[in-house]
Amino acid sequence: MCTALKFLNQTRNGFFTFCDKSKLFQITFNNLCFEFYEWELENFRSYLKVLMESKWDSPHEDTLNARKIPISIGNKCFIILVSPVELFELNALLDVENKKIPLLDFEDIDYRIIEN
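I will try to describe carefully the structure that is included in this document. Not measured: the values here are computed from a predicted model.

1. Digging into the packing of helix H1 (residues 38-53) against helix H2 (residues 84-94)
(1) Moving on: Relative to each other, H1 and H2 sit at 140 degrees, their axes nearing to 10 Å. As judged from the angle between their axes, H1 and H2 are oblique. Between H1 and H2 the crossing geometry is left-handed. Here Leu41, Phe44, Arg45, Leu48, Lys49, Leu51 and Met52 of H1 come into contact with H2, specifically with Leu87, Phe88, Leu90, Asn91 and Leu94.
(2) Moving on: Of the residues that constitute the contact of H1 with H2, the class distribution is 9 nonpolar, 1 polar and 2 charged.

So, in structure tokens, the structure goes:
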């Protein structure tokens, strides 16, 4: 494994890394792989925030596919379609500052133990 590679965040379907050697951020999500420099990553983050906050208008809205949210990558012939759950997870993957998830204590679990 490359020693210059740092894992920044991880979710169920992807991980977010940074390479000190090439100065590239890499997002691997499902079968997609994105590589960004810092300024490109900030533009992608702001684009995802706009998608999260606004009602998106998609020509794919009437399709049977669950993935209807378009992510444009600059080429008009190629659009990535994601579901609302995938968009939320992708946004969570890039949210490095708030990656700490509170864990439950034993007292927080309301479950009656039945001994057989």
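Okay, back to it.
2. Let's talk about unusual backbone geometry
(1) Moving on: Here Lys23, not a glycine, exhibits a phi torsion of approximately 60 degrees, which is positive.
(2) Moving on: Secondary-structure assignment places Lys23 in the loop between strand E2 (14-19) and strand E3 (24-29).
(3) Moving on: Despite not being glycine, Asn30 shows a phi value in the positive range, around 50 degrees.
(4) Moving on: Checked against the element boundaries, Asn30 lands in the loop between E3 and strand E4 (32-36).
(5) Moving on: Overall, the relative accessible area of 36% leaves Asn30 in the partly exposed class.

3. Examining H1
(1) Moving on: Taking 1.5 Å of rise per residue, 16 residues should cover 22 Å, and H1 covers 23 Å from first to last C-alpha, within 8% of that figure.
(2) Moving on: The set of residues buried in H1 consists of Leu41, Phe44, Arg45, Leu48 and Leu51. Viewed along the axis of H1, the buried residues span an arc of 120 degrees, placing them on a single side of the element. Residues of H1 that are exposed and point over 90 degrees away from its buried face: Trp39, Val50 and Glu53.
(3) Moving on: Structurally, H1 contributes buried residues whose contacts are with E2, E3, E4, strand E5 (69-72) and H2.

Calculation criteria
- Residues numbered from 1 in each chain as written.
- Predicted model: local features only at pLDDT ≥ 70, side-chain atom pairs only at ≥ 80, totals over all residues.
- Heavy atoms only, no water.
- Axes fitted to C-alpha atoms, helices over the stretch in contact; angles between N-to-C directions.
- Helix = DSSP H or I, 4+ residues; strand = E, 2+ residues; numbered from the N terminus.
- Parallel < 35°, antiparallel > 145°, perpendicular 65-115°, else oblique.
- Left-handed = near helix turned anticlockwise from the far one by under 90°.
- Contact = heavy atoms within 4.5 Å.
- Nonpolar A, V, L, I, M, F, W, Y, C, P; charged D, E, K, R; others polar.
- Buried < 20%, exposed > 50% of the residue type's maximum accessible area, 1.4 Å probe, protein only.
- Expected span 1.5 Å × (residues − 1).
- Arc of directions from axis to C-beta.

Function cannot be read off these values alone, since they describe shape.
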